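Residue-level structure breakdown
The chain contents come next:
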Amino acid sequence: MPHARAATTVNFGKDQFFTLGLGVRAQYLSHDTTVPGNKDAASANDLRIYMGAQFHKYVKSTLNLERLRDGNWNVLDGVLQFERWKAFNIWGGRMLTPSDRSNLDGPYFLSTYAFPMVSQYPGAWSGRDDGISVWGKLLKDRFRYVAGVYRGHNWVRGGSNYGEHPLFAARMEYNFLDPEPSPAYYTASTYYGKADILAIGLAGQYETDGVGTAQDKGDYKAWNVDGLFEKRIGEGAKYGVYTLEGAYYQYYTGGVKDIAAGYRQRSADYGNVGGVNDGTAFLASTAYLIPYRLGWGRLQPLVRYQQFRFKKDMYGPGHPKTTQLDLGGNYVMDGHNLRFTFDYVRYKPMGTRAVGAFLLGMQFQY
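First, a word on scope: everything that follows refers to the structure included in this document. Worth saying up front: this structure is predicted, and the values here are computed from it rather than measured.

All right, on to the overall build of the protein chain then. When you go through the protein chain residue by residue, the secondary structure sums to 1 helix and 18 strands. Here the C-alpha atoms of the protein chain give a radius of gyration of 20 Å, agreeing with the 21 Å that 2.2 N^0.38 yields for 366 residues. Considering the protein chain as a whole, with its 366 residues, one finds that 48% of them fall into the buried category. Counting only contacts in the protein chain whose residues sit at least 6 apart along the sequence, the fraction spanning at least 24 positions is 61%. Of the roughly 16,500 Å² of accessible surface on the protein chain, a fraction of 61% belongs to carbon and sulfur atoms.

Here it is, written out as structure tokens:
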């Protein structure tokens, strides 16, 4: 994400510089061994290279690369940024689309390690899409907005939208306490006591013929409301930091089943193709950052529950649902830049029995 700390900055003159940074995430996952085929595994989730440049006081660019699980590299963000006023800025290229807090967090700025399964806004890669956005901050940075037009979903031969209709998306957010200390329209799900936060956000997306096949098309519509409350307890957070987050989602496909995720792509991770489901979802999480240091860092116990409830009789009888419960904690050494996570996950997919797993994750950014 662009709000990672840059390790290197090279200045070329007044209002001209280049920055370079790095992000790494790795995990060890111990599966429920009673399920056939499940094996314990260690993996590097991703390796990211962050690059930014400023050519003029008002003209900047961002180029972030990510190493994929198949060993290839992909453009994560590639943005040309015109930022003349705080209230109105224009970005063009590949970027995060207006969506929910979790997607705008990205994996590195969540309150826990695993990305929430209820956050299902489509994207070409990691919630990104190619297009143009306008965004701004008003009312002493307490109100933030972003809106844009993007290439969109199912842009593939045989898909519902082979280059015909773009995706429209927008988000607005108001901070009732301190403004969120994150740049542009990006967010985080915890700031570890840097500010007192009470933020409510509303996002929506629409694309004509955004789901289905070329023969059976449906309009894609989605919206969500999300909130974050984070409070420092006592002067200087001497009694810790409490965090509460929630989100509610509605996804619509017009009664049409979407094509398979990654249809005609190398894998389901590529291409912003398929995989959109019709249903209702929600997320709730809570965490507490203990004020006392334990060795080099502090502990932050957390609980998160998610549920995706599919549209009635569309994916099975009644309202089938998928649920997930996370119980664990973070060992926070340097905020989101250096953190370890231990998590017990109880996951129950639609139509099958629940399975459990233990996850040990690490993330580093500089």
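Now that the structure has been shown, the text picks up again.
Where strand β2 (residues 16-31) lies against strand β3 (residues 41-56), 13 bridges are found, and the strand directions are antiparallel. Note on β3: the bridge partner recorded for phenylalanine 17 is glutamine 54. Here β3 pairs with strand β4 (residues 59-67) via 9 bridges, running antiparallel. Bridging across to β4, methionine 51 finds its partner in leucine 63.

One pass over the structure, following the stated rule, counts 17 salt bridges. The partner of aspartate 130 in a salt bridge is arginine 94, with the nearest N and O atoms 2.9 Å apart. Of the two residues, aspartate 130 is situated in strand β7 (residues 128-138) and arginine 94 in strand β6 (residues 89-96); the sequence distance between them amounts to 36 residues. With its nearest N and O atoms 3.5 Å apart, the salt bridge here joins aspartate 326 to arginine 304. Within this pair, whereas aspartate 326 is found in strand β16 (residues 321-334), its partner arginine 304 is found in strand β15 (residues 297-310), the two being separated by 22 residues in sequence. Accessibility classification places aspartate 326 together with arginine 304 in one group, the buried group. The structure contains a network of salt bridges with shared partners spanning Arg101, Arg144, Arg171, Glu173, Glu180 and Asp226.

Note on arginine 94: relative accessible area 17%, which makes it buried. Of note is the side chain of arginine 94, whose polar atom sits 2.9 Å from the side chain of aspartate 130. In contact with arginine 94, other than residues within four places in its own chain, are Asn74, Val75, Leu76, Asp77, Gly78, Val79, Ala124, Trp125, Arg128, Asp129 and Asp130.

With that settled, the discussion passes to the nonpolar core. The biggest cluster of nonpolar side chains holds 30 residues, and the ones touching the most others in it are Trp91, Val118, Tyr185, Tyr220, Tyr249 and Phe308. Within the residue set of this core, elements represented by two or more residues are β6, β8 (143-150), β9 (167-175), β10 (197-212), β11 (217-232), β12 (241-252), β13 (279-289) and β15. Non-local contacts of tyrosine 249, meaning those with residues more than four positions away in its chain, are made with Asp100, Ser102, Val118, Ser119, Tyr121, Trp223, Asn224, Gly279, Thr280, Ala281 and Phe282. Tyr50, Ala188, Ala195 and Leu228 belong to the second-largest nonpolar core, a separate cluster that totals 9 residues.

Let us now look at the pairing of β7. Two elements, β6 and β7, share 8 bridges in a ladder whose sense is antiparallel. The residue of β7 that forms the bridge with arginine 94 is aspartate 130. In the sheet, β7 pairs with β8 via 8 bridges, with the strands oriented antiparallel. Within β8, the residue paired with tryptophan 135 across the bridge is valine 146. Counted between consecutive antiparallel strands, the loop separating β7 from β8 contains 4 residues, among which leucine 139 sits at a positive phi close to 55 degrees.

In this section: the environment of tyrosine 315. Tracing the backbone shows tyrosine 315 in the loop between β15 and β16. A sequence separation of 38 residues divides tyrosine 315 from asparagine 277, and the C-alpha atoms of the two residues are 9.0 Å apart. Once residues within four sequence positions are removed from consideration, tyrosine 315 is found in contact with Lys257, Val276, Asn277, Asp278, Phe310, Pro320 and Met350. A polar contact of 2.9 Å, which involves the side chain of tyrosine 315, links it to the backbone nitrogen of aspartate 278.

Topologically, glycine 136 is positioned in strand β7. In the structure, glycine 136 is positioned 53 residues away from glutamate 83 in sequence and 9.4 Å away in space, judged by C-alpha atoms. Sequence-distant contacts of glycine 136, that is, excluding residues within four places in its chain, are made with Lys86, Ala87, Phe88, Asn89, Phe143, Arg144 and Tyr145.

Calculation rules
- Residues numbered from 1 in each chain as written.
- Predicted model: local features only at pLDDT ≥ 70, side-chain atom pairs only at ≥ 80, totals over all residues.
- Heavy atoms only, no water.
- Helix = DSSP H or I, 4+ residues; strand = E, 2+ residues; numbered from the N terminus.
- Rg over C-alpha atoms; globule rule 2.2 N^0.38 Å.
- Buried < 20%, exposed > 50% of the residue type's maximum accessible area, 1.4 Å probe, protein only.
- Contact = heavy atoms within 4.5 Å.
- Areas by Shrake-Rupley, 256 points an atom, 1.4 Å probe, with all protein chains shown as cover.
- Pairing = 2+ DSSP bridges.
- Salt bridge = Lys/Arg side-chain N within 4 Å of Asp/Glu carboxyl O.
- Polar contact = N/O pair within 3.5 Å; in protein donor to acceptor, adjacent residues only side chain to side chain.
- Core = buried A, V, L, I, M, F, W, Y, C linked by side-chain atoms within 4.5 Å.

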